[in-house]
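# Structural overview
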Amino acid sequence: MALLQISEPGKGTLPHEHRNAIGIDLGTTNSLVATVQSGVAKILSHENQNNLIPSVVQYQTNTILVGEAAKLNQDDDPVNTIASVKRLMGKRFSDIATHTSSNNLSDEKSYIGIATKQGTKSAVEVSAEILKKLKTIAEQHIKDDILGAVITVPAYFDDAQRQATKDAAKLAGINVLRLINEPTAAAIAYGLDKKVEGNYVVFDLGGGTFDISILRLSKGLFEVIATHGDTQLGGDDFDEVIFQWLMKQSTHDFQDPQLKQKLKTLSKNIKEKLTDNEIVSVEHSFNSSVNIKTKIDQKLFADLSQHLIKKTIDATKRALKDANLTIQDIDGIVMVGGSTRMPVIQKIMRDFFKQDLLNDINPDEVVALGAAQQANMLVGNSNDEHLLLDVIPLSLGIETMGEIVERIIPRNSTLPIAMAQEFTTYKDGQNAMMIHVVQGERDLVSDCRSLAKFSLKGIPPMVAGAAKIRVTFQVDTDGLLSVSAQELSTGVQASIEVKPSYGLDSNQIKTMLESSFQLADEDKENRALAEVKVEAMQMQEMVERALQQDQNILDEPEIKKINKALDQLRESLKNNDRNLIHEQIDQLNNATQYFAQLRMDQSIKNALTGRDIKDMKL
Amino acid sequence: MAITLTKQAAERAGKYLQSRGKGLGLKLAVKTTGCSGMAYVLEFVDKIDPNDEVFESHGVKILVDPKSLIYIDGTELDFVREGLNEGFKFNNPNVKDSCGCGESFTV
């Protein structure tokens, strides 16, 4: 006999029409699956034992092991065992130059190949194996059709990474109800949406990713106002810190893959022991000749991880700055991810925000529980409704002269949004304009990601700067961007729709944000240089055109003087010396002053010739 | 006759009500549908209908509308675990036959 769960008032379902939905936290280190039964979200465990399913897949000759079984065998066959595959999702080989892996990775152009006993696998295929496992666990508990799943992704995941996650779910036969950001799921699990208002920080330090999000709640409206983080920072890095330190404690080089893997496992164990112990003694013999005997305490661990801790604090500060908030504005800090158990992290966050942390829900489970609640709501089992607003992760803009990016929609704008800006022509008689849509925080087009290009044709001939072209950017709630350009005097129009997920080169996006901060000064210099170059070229063109038309009004020495200044300006453009170009612009200005005056006199003369003084309106 | 909860069912229901943060009790009802004619309904209650019969068992209020009561009077609601699946089970003395899935029945 089928067992019943308690429904919300009026939400009871007919037999065989139960709306079962699950929430999945597809993590770098561990994955979890949860569902809501009788109004309560709970983790569905593997054989009623393990809530956390290690995100580890082992390809053997005839079988594929997933989870605990794969993890247990990891040390014996590291080459065919894939852990932390989430780091490879939506990435290309060129993105991971510094990635340390026990696997044999290969460049498969659009994705990274992982060599296994069962052939070359992609990150999507490996993730699909983990998702299949989670689906099987859920089916064992629910014993009924599962309508769909909400899968969580780091707030920082770009479109390619989100698409890869969806593809993996499809491959596993899971209907994706929605992808939601991990911090948002955590906030739902803590019931923050049921509060009246407030600003909350969600600090999520998982196995492989770090996210910091700031959520604003007002009048039941749940809005993500800022996100920051690092797709390459997590518990793995703290393991690595201990791993590197342990290596130095031994004379052995640990080049052998099996030994290396064993040392990695040991490093992780030491880190976990440091959660509940002030000091951990290490005594381990790898084989008869390789032994390690040492100890580590909280202080040493904190010192060794100083660079990692600084990254989390820096990102927190940036997110606060983006949100225009100070620590006094923050009403609560939600701790998410197993790595937030580390005393060193708890302390640093408590000290930074000067308040206690929200950490009473198991930090490993909180995201999956929130995802299950969201899934339950999406299939219509709940009478509550959250209104989740998403933000644009990276700014959107267009290319202007000199390959400079003009931002139209700044990052962290809430969706949906529409913004317009007016542009003009650069040359006299210019009758078309190329609109190049880019995404990113850097000032130069080459440092941003190109999304689309289209041209506006049929601009009536006018002098440079006279045409008014309005460019409108619109992003709907699904993140679909449409860009339109309209010349205002004639109304001619062109537009394009962009779905950033498809067929686009996304290998730059992950570093874009970080580099935009690190390289802000360089960007400023580049922008200034590009601007002065545009000015110089405009000037040069103007003078050349004037010479063509009115050379006859000048005498030979004057022409020579102007040509010399022109040559010098052209020469200066070959270098990237901003001051020199400025100087040459000034010189050309000086050299053409007399010429400009003559032309002015001439045009006035032309205008007056043959006209009666009485006709002139003065 | 009456509607009762087993101790396990009452404990579970109490826990769910508590974590839900609101609710007066459980509503038991039948709907005329399903593969064998009738189906059970089990819901949280936020508002008591004056027509409903109110029972109390192990401290949990149970509400049943008079029409449904005819079909489920004497029912004991249990909470059981079957393998990895757990949930509520109606032990209804009025049932003559139920469909394979056990979610709908005839009297």
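The notes below deal with the structure included here. Keep in mind it's a predicted model, so treat the numbers as computed, not measured.

Definitions and cut-offs
- Residues numbered from 1 in each chain as written.
- Chains lettered and ligands numbered in written order.
- Predicted model: local features only at pLDDT ≥ 70, side-chain atom pairs only at ≥ 80, totals over all residues.
- Helix = DSSP H or I, 4+ residues; strand = E, 2+ residues; numbered from the N terminus.
- Buried ≥ 20, exposed ≤ 12 C-beta atoms within 10 Å, placed from the backbone.
- Contact = placed C-beta atoms within 7 Å.
- Pairing = 2+ DSSP bridges.
- Axes fitted to C-alpha atoms, helices over the stretch in contact; angles between N-to-C directions.
- Left-handed = near helix turned anticlockwise from the far one by under 90°.
- Nonpolar A, V, L, I, M, F, W, Y, C, P; charged D, E, K, R; others polar.
- Expected span 1.5 Å × (residues − 1).

## Points about the overall build of chain B
Tallying secondary structure elements over chain B gives 2 helices and 9 strands in all. Counting over 107 residues, chain B shows a buried share of 36%. The long-range share in chain B, meaning contacts at least 24 apart out of those at least 6 apart in sequence, stands at 54%.

## Concerning the sheet that holds strand S8 (residues 105-107) of chain A
Residue and element names in this part refer to chain A. The strand order across the open sheet formed by 3 strands is S8-S9-S10, and the pairing between neighbours is antiparallel. Two strands close off the open sheet at either side, each with one partner strand: S8 and strand S10 (119-121). Neighbour-to-neighbour, the strand axes of the sheet open up by a mean angle of 40 degrees, direction not taken into account. Where strand S9 (residues 112-116) lies against S10, 3 bridges are found, and the strand directions are antiparallel. Residue pairing across strands places Ile 114 opposite Lys 121, the latter belonging to S10.

## Quick look at unusual backbone geometry
All names here are of chain A. Not every positive phi belongs to a glycine, and Ser 84 is a case in point at roughly 50 degrees. As for its position among the elements, Ser 84 is in the loop between strand S7 (81-83) and S8. The residue Glu 403 is not glycine, and still its phi comes out positive at about 60 degrees. Tracing the backbone through its elements, the reader meets Glu 403 in the loop between strand S20 (396-400) and strand S21 (404-409).

## A short note on the pairing of strand S1 (residues 21-26) of chain A
Residues and elements named next belong to chain A. In terms of burial, S1 is largely enclosed, as 6 of its 6 residues are buried. Of the two faces of S1, the one holding Ala 21, Gly 23 and Asp 25 and the one holding Ile 22, Ile 24 and Leu 26 are both buried throughout. When S1 meets strand S11 (residues 148-153), the two strands line up parallel, connected through 5 bridges. Across the sheet, Ile 22 pairs through a bridge with Ala 149, a residue of S11. As defined by bridge partners, S1 adjoins strand S2 (residues 30-37) across 5 bridges and the pair is classed as antiparallel. Within S2, the position partnered with Asp 25 by the bridge is Leu 32. What sits between the antiparallel neighbours S1 and S2 is a turn of 3 residues.

## Section: the environment of A:Gln486
Residues and elements named next belong to chain A. In this fold, Gln 486 is placed in strand S26 (residues 481-487). Spatially, the C-alpha atom of Gln 486 lies 9.9 Å from that of Phe 423, the residues being 63 residues apart in sequence. Among residues more than four places away in sequence, those in contact with Gln 486 are Ile 469, Arg 470, Gly 491 and Gln 493.

## As for the packing of helix H8 (residues 306-322) of chain A against helix H9 (residues 343-353) of chain A
All names here are of chain A. Across the interface, H8 lies against H9 with an axial gap of 11 Å and an inter-helix angle of 35 degrees. Remark: the crossing between H8 and H9 carries right-handed chirality. The residues of H9 that touch H8, namely those facing Ile 309, Ile 313 and Thr 316, are Val 344, Ile 348 and Phe 352. Of the residues contributing to the contact of H8 with H9, the split by class is 5 nonpolar, 1 polar and no charged.

## Observations concerning helix H10 (residues 366-378) of chain A
All names here are of chain A. For H10, with 13 residues, the first-to-last C-alpha span of 18 Å sits near the 18 Å given by 1.5 Å per residue. When you tally the buried positions in H10, you get 12 out of 13 residues, the bulk of the element. With its phi angle positive at about 90 degrees, Gly 380 sits one or two positions after the end of H10.

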